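# Observations on the three-dimensional arrangement
The residues making up each chain are set out below.
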Amino acid sequence: MTINQLQYYVEIVCQKSFTRATESLFVSQSALSKSVRALEQEFETELIDRSSKDFLLTPEGELFYEYARKILDFFNMQTRELHQRLHDMSGSLNIGIPPTSGTVYFYSKIREYRERYSNVDLNILEVPSKTLLKEMDMNRLDMGAVLEPFSNSQYISKPVYRAEIVLTVSKAHPLAARKYVSFSELRNEKFLMMSSDFIYHDIILSLCKEAGFTPNITFKSSQWDLIFEMASDNQGITFFPTPLLAKRDCANIRQIHLKNPEAHWVLSIAYRKDKFLTPPMQRFLALCNEV
């Protein structure tokens, strides 16, 4: 068994196709077939169910995939550790950042990092939070920005930024004159929400659940600007972290503090527990912790 054989097998499973795997690996289909056959002969078991019309692993193939992923993750981690120690401060850093957190906080950290450590190849992937987690699970990112509460036993998360979430309504809304509003008072309101691709969506749902109700969601969008304009037009209520409102014209908007429960927008940097913390990663964490 070789590392190449494991890499081929994992890619075939991820693509659910020999043909698509050949395109991503730049290897002939016959070479991939021979590689899988060699593994099956070595372990004396069938890994892929060739009697199925669709791509399907045997139970043994599922188990082998799980172990192959672990071996490859360990191999990649150790290879990277060796590379980083050989080259000290040089190397690369791949970070995933949701669009909103980038515009509020991380844009300045990215600039500072590039100025201080110009010899590090810094790569930024801007994706929604849930996609970001999938990329980190696949070991394609070193670390990423996540929203708290973040609970995943496979990860370490370190809070780096905190802001208040406020109820955001039109100045024509009946609640516009209020300074504070309890979540339970919002049970009959029309909610304008970020789409379920964003962890922020789950945070608002969790706050409503804590207050004892399921919100009446009348509209979802992946665009903060659209939700803001609809709230300004009194088409419903929404919730914004205060730093995002600071970047907008709020002449027709009222910001109201929330209580029972209070709401906060907390950004953290997360990385896998089994990942070697390279010097570039350490220095980015240190930069985010600077006041």
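Use the structure listed above.
Below or above, wherever it landed, is the structure these notes cover. Just so we're clear, the structure is a prediction, and the values are computed from it rather than from any experiment. (Residues numbered from 1 in each chain as written. Predicted model: local features only at pLDDT ≥ 70, side-chain atom pairs only at ≥ 80, totals over all residues. Heavy atoms only, no water.)

## Notes on a nonpolar patch on the surface
The line we're drawing: A residue counts toward a patch only above 30% relative accessible area and without a salt bridge, and it is joined to like-charged neighbours within 9 Å or, for Val, Leu, Ile, Met, Phe, Trp and Tyr, to nonpolar neighbours within 5 Å. For the area figures, the Shrake-Rupley method with a 1.4 Å probe applies, and any residue is considered shielded solely by the protein chains shown. In the sections that follow, a salt bridge refers to a side-chain nitrogen of Lys or Arg positioned within 4 Å of a carboxyl oxygen of Asp or Glu. Secondary structure follows DSSP: runs of H or I at least 4 residues long count as helices, runs of E at least 2 residues long count as strands, and numbering of each begins at the N terminus. For each residue, the accessible area found with a 1.4 Å probe, counting protein chains only, is set against the maximum for its type, and the residue is called buried under 20%, exposed over 50%, and partly exposed in between.
A grouping of Met1, Phe43, Leu63, Tyr67 and Ile71 is seen on the molecular surface, where their side chains present a nonpolar patch of about 490 Å² in accessible area. Per element, the largest residue contribution to the nonpolar patch is three residues, and it comes from helix 4 (residues 59-87). Looking at the element boundaries, Met1 is found in the segment before helix 1 (3-15). Look at Met1 and you get partly exposed, because its relative accessible area is 46%.

## Here's the deal with unusual backbone geometry
Among all residues except glycine, the phi angle is most often negative; among peptide bonds, the trans geometry is most common. Here Glu148 and Pro149 are connected by a cis peptide whose omega angle stands at 5 degrees. Among the secondary structure elements, Pro149 is positioned in the loop between strand 3 (143-147) and strand 4 (155-170). Here Asn260 and Pro261 are connected by a cis peptide whose omega angle stands at 5 degrees. Along the chain, Pro261 falls in the loop between strand 9 (253-259) and strand 10 (264-272). Positive phi, close to 55 degrees, is recorded for Glu44, a residue that is not glycine. Tracing the sequence through the fold places Glu44 in the loop between helix 3 (29-43) and helix 4. Among the residues examined, Glu44 registers a relative accessible area of 74% and is labelled exposed. Unlike most non-glycine residues, Asn139 shows phi in positive territory, near 65 degrees. Turning to its location among the elements, Asn139 is positioned in the loop between helix 6 (129-137) and strand 3. The class of Asn139 is partly exposed, set by a relative accessible area of 21%.

## Concerning the pattern of salt bridges
Applying the stated criterion across every chain, the model contains 11 salt bridges. Among the salt bridges present, the one from Glu40 reaches Arg50, with a minimum N-O distance of 3.0 Å. Of this pair, Glu40 sits in helix 3 while Arg50 sits in the loop between helix 3 and helix 4; the two residues are 10 residues apart in sequence, bridging distant segments of the chain. Of the charged contacts in the structure, one is a salt bridge between Asp142 and Lys275, with a shortest N-O distance of 3.6 Å. Here Asp142 is found in the loop between helix 6 and strand 3, whereas its partner Lys275 is found in the loop between strand 10 and helix 10 (279-288), with 133 residues between them in sequence. What makes Lys275 buried here is its relative accessible area of 14%.

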